[in-house]
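A look at the structure
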Amino acid sequence: MKFKATPAWLVALTAMTSGCSSPADVPSAAQTPGALYVVAPWVFTNDESTAYVTAVPSLENGETDLSGAIEYAGGASVFGQSAQGDFYVAPYSEPIVERWRVADGKLEKLGTVSFANLGIADAGGTQVFSQGKAYFLGQHELVVWDPIDMALLDAVPLPSLERDDGTAFEPNAGLVA
């Protein structure tokens, strides 16, 4: 299957080149021989959505061949740190995060961490990274995990908060960061 690129399908983009800190810093494939980019186009139907994660040599072509892509029914979040070289996928259908790397032009799965014991449906919310730790909001808790060892480190309960009108206040990742 080939997919024509439009801005609407470019849900996630992580440059797999070192030292890139902003889109303006991302070199083109012509500037960096062998550079690969990870893209995650989505396909929507009346009944479902599917994310496809794949590596491409250029962002300039406008078409992506999805025949070798990893498929995630229901969608997924794709995130990572470009200097690290690895990227992470959090499927919306499972409470896990997978660690991936592009090796010889192919996607290589390096590990999985599960958050099933916390009772959350998925880990696809906003992820915040620091050196050796990653964070996201679970169900009324701050989940702390190790993105290298792919291990759950902690789940810190968050206090219940109420607004002046008595309605519950739900924190979001912006408040944690």
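Notes on the structure follow.

Cut-off values and rules
Residues numbered from 1 in each chain as written. Predicted model: local features only at pLDDT ≥ 70, side-chain atom pairs only at ≥ 80, totals over all residues. Heavy atoms only, no water. Helix = DSSP H or I, 4+ residues; strand = E, 2+ residues; numbered from the N terminus. Buried < 20%, exposed > 50% of the residue type's maximum accessible area, 1.4 Å probe, protein only. Areas by Shrake-Rupley, 256 points an atom, 1.4 Å probe, with all protein chains shown as cover. Pairing = 2+ DSSP bridges. Axes fitted to C-alpha atoms, helices over the stretch in contact; angles between N-to-C directions. Phe/Tyr/Trp six-rings, centres within 6.5 Å; stacked < 30°, edge-to-face > 60°.

Thoughts on the overall build of the protein chain
Per the secondary structure count, the protein chain includes one helix and 17 strands. Counting the 177 residues in the protein chain, one finds 39% classified as buried. Within the structure as shown, the protein chain displays about 9,800 Å² of accessible surface, and the carbon and sulfur contribution to it stands at 50%.

Remarks on the sheet that holds strand β9 (residues 86-91)
The four strands lie next to each other as β8-β9-β10-β11, forming an open sheet whose pairing is antiparallel. Looking at which strands have only one partner, the edges of the open sheet turn out to be β8 (76-80) and β11 (106-114). Across this sheet, the average inter-strand angle for adjacent strands is 25°, counted without regard to direction. Across eight bridges, strand β10 (residues 96-103) lies against β11 in antiparallel orientation. Paired with Ala 103 across the strands is Lys 106, a residue of β11.

Description of the pairing of strand β5 (residues 49-56)
Of all eight residues making up β5, eight are buried, and the element is well covered by its neighbours. Across three bridges, strand β3 (residues 37-39) lies against β5 in antiparallel orientation. Paired with Val 39 across the two strands is Thr 54, which belongs to β5. The pairing of strand β4 (residues 42-44) with β5 spans three bridges and is classified as antiparallel. Bridged to Trp 42 within β5 is Ala 51. As consecutive antiparallel partners, β4 and β5 are separated by four residues. Two elements, β5 and strand β7 (residues 70-73), share four bridges in a ladder whose sense is antiparallel. Bridged to Ala 51 within β7 is Tyr 72.

Section: the sheet that holds strand β15 (residues 151-157)
Ordered by their spatial adjacency, four strands build an open sheet running β12-β13-β14-β15, and the pairing between neighbours is antiparallel. The open sheet terminates on both sides in strands that have one partner only, identified here as β12 (128-130) and β15. Across the sheet, the axes of successive neighbouring strands diverge by a mean angle of 20°, strand direction being ignored. Sheet analysis places strand β13 (residues 133-137) next to strand β14 (residues 141-146), joined by four bridges and oriented antiparallel.

Let's talk about unusual backbone geometry
Of note, Met 150 is a non-glycine position whose phi angle comes to about 55°, a positive value. Locating Met 150 in the fold gives a position in the loop between β14 and β15.

A closer look at the environment of Pro 57
Along the chain, Pro 57 falls in the loop between β5 and β6 (63-65). Here Pro 57 falls in the exposed class, since its relative accessible area comes to 54%. Spatially, the C-alpha atoms of Pro 57 and Tyr 37 are 6.2 Å apart, while their sequence positions differ by 20 residues.

Focus: the packing of aromatic side chains
Inspection of the entire model under this criterion finds nine aromatic pairs. Summarising the aromatic geometry, the rings of Phe 79 and Phe 129 are spaced 5.9 Å apart at their centres and angled 50° between planes, so their arrangement reads as tilted. Highlighted residues: Phe 79 in strand β8 and Phe 129 in strand β12, separated in sequence by 50 residues. Centre to centre, the rings of Tyr 88 and Phe 129 are 5.5 Å apart; their planes meet at 40°, and the pair counts as tilted.

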